[in-house]
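Residues per chain are reported as follows:
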Amino acid sequence: MGCVCPNNENSAQVPAGIPGQTDRHPCYSQEAHLRYARMHLPVAPRCNIGCNYCNRKYDCVNESRPGVTSEVLSPDEARDKFQLVKARIENLSVVGIAGPGDALANWQETRRTLELIRQQDPEAVFCLSTNGLMLPEYAPEIVKLGVNHVTVTMNCLDPDVGARIYKFVHYQGVTYEGREAAEILVRNQLAGIEYLTKQGVMVKINIVMLKGINDAEIPEVAKKAKELGAFITNIMPLIPAPGSAFESFPQTSTHELNDMRNLCQLDIRQMRHCKQCRADAIGLLDNDISHEFRKTAPQPETAAVKIQKRSYKIAVASKHGALVDLHFGHATEFLIYMSDGHNHTLLEKRSVSQYCLGAADCDQEKQKEAALEALQDCDAVLVMRIGFHAQKRLLRKNVMSIEYCYTVVSGLAYTVNQLSMKEAI
Ligand code: CLF
Ligand code: SF4
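Computed from a predicted structure; not experimentally measured.

Rules behind the numbers
Residues numbered from 1 in each chain as written. Chains lettered and ligands numbered in written order. Predicted model: local features only at pLDDT ≥ 70, side-chain atom pairs only at ≥ 80, totals over all residues. Heavy atoms only, no water. Pairing = 2+ DSSP bridges. Helix = DSSP H or I, 4+ residues; strand = E, 2+ residues; numbered from the N terminus. Axes fitted to C-alpha atoms, helices over the stretch in contact; angles between N-to-C directions. Parallel < 35°, antiparallel > 145°, perpendicular 65-115°, else oblique. Left-handed = near helix turned anticlockwise from the far one by under 90°. Contact = heavy atoms within 4.5 Å. Nonpolar A, V, L, I, M, F, W, Y, C, P; charged D, E, K, R; others polar. Buried < 20%, exposed > 50% of the residue type's maximum accessible area, 1.4 Å probe, protein only. Near = heavy atom within 4 Å. 1 Å grid on protein atoms, 1.4 Å probe; cavity = no way out; pocket = protein on both sides within 12 Å on 5 of 7 lines; lining within 4 Å. Sits in = over half its atoms within 2 Å of the grid points. Core = buried A, V, L, I, M, F, W, Y, C linked by side-chain atoms within 4.5 Å. Domains from an automatic or database assignment. Polar contact = N/O pair within 3.5 Å; in protein donor to acceptor, adjacent residues only side chain to side chain.

**Q** When you look at the pairing of strand 14 (residues 344-351) in this model, what are you seeing that I'm missing?
**A** For a regular strand, side chains alternate in direction, first toward one face of the sheet and then toward the other. Pairing of strand 13 (residues 333-339) with strand 14, which is carried by seven bridges, proceeds in the antiparallel orientation. In the strand pairing of strand 14, Leu335 is matched with Lys349. Between strand 13 and strand 14, which pair antiparallel and follow one another directly, the connecting turn spans four residues, one of which, Gly341, has a positive phi of 100 degrees.

This is the structure:
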């Protein structure tokens, strides 16, 4: 591990990590962050506490850059998105749930999402990020689900310090404030962390450094993290969210942050490569490509054009039927749907000769024409990609080409909208 201080005589007491998992986790391993990608599934919009540096219009500041907003997905949408991303990113190792609120304040959604992903991929390394309030309730289930990496944001131990950081804590139907709120939160965090580490879970402690509020206590928090068996601490700078109670609070400088990390490294590993990423981040930590995968909503109908929709016959290129994930030239079978944008009926699976057989075979004109002819009764082809020449030749047969990269169902709705608009113009 690149983060381990070689002179740290106590480092033997810090867990070494889970072979084949922690060494593929880009946040837990300095080396892994250059090689392995993570994907966040934003299925957790609600939160159960009020941090003074947070504005809930945005993502959870305990794990994300303030002022960032992420999309929200249902567990089924998250599963579909995972399939899509997995098919495109070879070095995807970690699937994490980091908001945009708290993963455990949305436990039903979080649990269902992980169950669905596990059915798809037994190898995925699961990761959760939480404020820790609900750990005593859900930690046993977390372990059972095979979540081996959990981040808990723990900013203090002293409830009087906590009373200055947290506006409220909403726990078991009651809203607490001040010292009492912080006491409940810290008590649950400590109990939850201890339970998880005893079960072999690698726990990362995030600490938001708040000058003049918790900075004097951070070395004690780091010591406590080690005592409880945590793997690493991630001391993060406060960047107050716009509109939050701490909006005008002074920012922590890199110099101050590094001094604090160097001090705490005497006790426990320090994460120094955190990117405070979005709740829907995808890719290497240094190269977020989440914009390429954002939910592609069907185009809204413009007010200027009153669109009359009818049913259309649409040929879909899909490997397994759930996602539009095939290039037109590589498809040997199309799913032929009849759709009005809301109701989609699968008419048949139609075999076609492959349009593109590679450069050496590109002169196989008969083959290409046969592939195009096989689809000429359709109104559109719905594909992940299609070449310019194939598009032009389909258009001559009155077949529209739609490039799309999400689920078949949303792609059909999108295609019907496109066809209807074209007819209306
Ligand atoms: Fe995501 Fe967090 Fe898991 Fe990493 S992020 S849930 S531990 S997979 Fe990583 Fe991003 Fe920093 Fe978080 S760089 S904000 S530490
Ligand atoms: Fe905001 Fe704190 Fe809740 Fe995260 S845990 S969403 S920072 S209130």
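Moving on, there is more to tell.
**Q** So what exactly am I meant to see when it comes to the packing of helix 6 (residues 218-227) against helix 7 (residues 254-264) here?
**A** To characterise two packed helices, one gives the angle between the axes of the helices and the distance between these axes. Contact geometry for helix 6 and helix 7: axes closest at 10 Å, N-to-C directions at 40 degrees. Here helix 6 is positioned oblique relative to helix 7, judged by the angle of their axes. Crossing of helix 6 over helix 7 shows right-handed handedness. Taking contact as the criterion, the partners of Ile218, Pro219 and Ala222 in helix 6 are, on helix 7, Met260, Leu263 and Cys264. Here the contact of helix 6 with helix 7 is built from residues that sort into six nonpolar, no polar and no charged.

**Q** Sorry if this is basic, but what is going on with the sheet that holds strand 8 (residues 202-209) here?
**A** The strands making up a sheet are joined through hydrogen bonds of the backbone, oriented either antiparallel or parallel. Taken in spatial order, the eight strands of this open sheet run 9-8-5-4-3-1-10-11, and their pairing is mixed. Edge positions in the sheet fall to strand 9 (232-237) and strand 11 (287-288), since each has one partner strand and no second. Where strand 1 (residues 37-40) and strand 3 (residues 92-97) come together, four bridges link them in parallel fashion. For Ala37, the partnering residue across the bridge sits in strand 3 and is Leu92. Relative to the sheet, helix 7 contacts strand 8 and strand 9, its axis offset from that of strand 9 by approximately 165 degrees.

**Q** Got a minute to help me understand the side chain of Asn234 in this structure?
**A** Relative to the assigned elements, Asn234 resides in strand 9. Asn234 gets classed as buried once you look at its relative accessible area, which sits at 1%. Excluding residues within four positions of it along the chain, Asn234 makes contact with Lys204, Ile205, Asn206, Ile207, Met271 and Cys274.

**Q** Would you explain the site of ligand 2 in this entry?
**A** Every residue close to ligand 2 is listed here: Cys47, Ile49, Gly50, Cys51, Tyr53, Cys54, Arg56, Cys60, Val61, Asn62 and Asn131. Because more than half of its atoms lie within 2 Å of the grid, ligand 2 is assigned to the largest cavity. The residue inventory of the shell around ligand 2, partitioned by class, reads seven nonpolar, three polar and one charged.

**Q** What am I meant to see in the nonpolar core here?
**A** Among soluble globular proteins, nonpolar side chains are generally buried collectively. Ranked by size, the top nonpolar core spans 97 residues in total, and within it Tyr53, Leu128, Ile142, Ile205, Leu210 and Val316 carry the most contacts. Counting residues per element, this core draws most heavily on helix 5 (residues 178-198), at six residues. The residues that make up this core include at least three from each of domain 1 (8-292) and domain 2 (299-424). Ala317, Leu326, Phe328 and Leu375 belong to the second largest nonpolar core, which has 19 residues in total.

**Q** Got a minute to help me understand the site of ligand 1 in this structure?
**A** Near ligand 1 lie 16 residues; those nearest to it are Cys27, His40, Glu63, Cys127 and Cys277. The site holding ligand 1 turns out to be the second largest cavity.

**Q** What am I meant to see in the environment of Ile289 here?
**A** As for its position among the elements, Ile289 is in the loop between strand 11 and strand 12 (312-316). Taking the relative accessible area as the measure of exposure, Ile289 reaches 17% and is therefore buried. In this structure Ile289 touches Ile89, Ile282 and Gly283, once residues within four positions along its chain are discounted.

**Q** Just checking my understanding: could you explain the side chain of Lys313 for this structure?
**A** Note on placement: Lys313 falls in strand 12. Among the polar contacts made by the side chain of Lys313, one reaches the side chain of Asp377 at a distance of 2.8 Å. Excluding anything up to four places from it in sequence, Lys313 contacts Ile336, Tyr337, Met338, Leu347, Arg350, Asp377, Cys378, Asp379 and Ala380.

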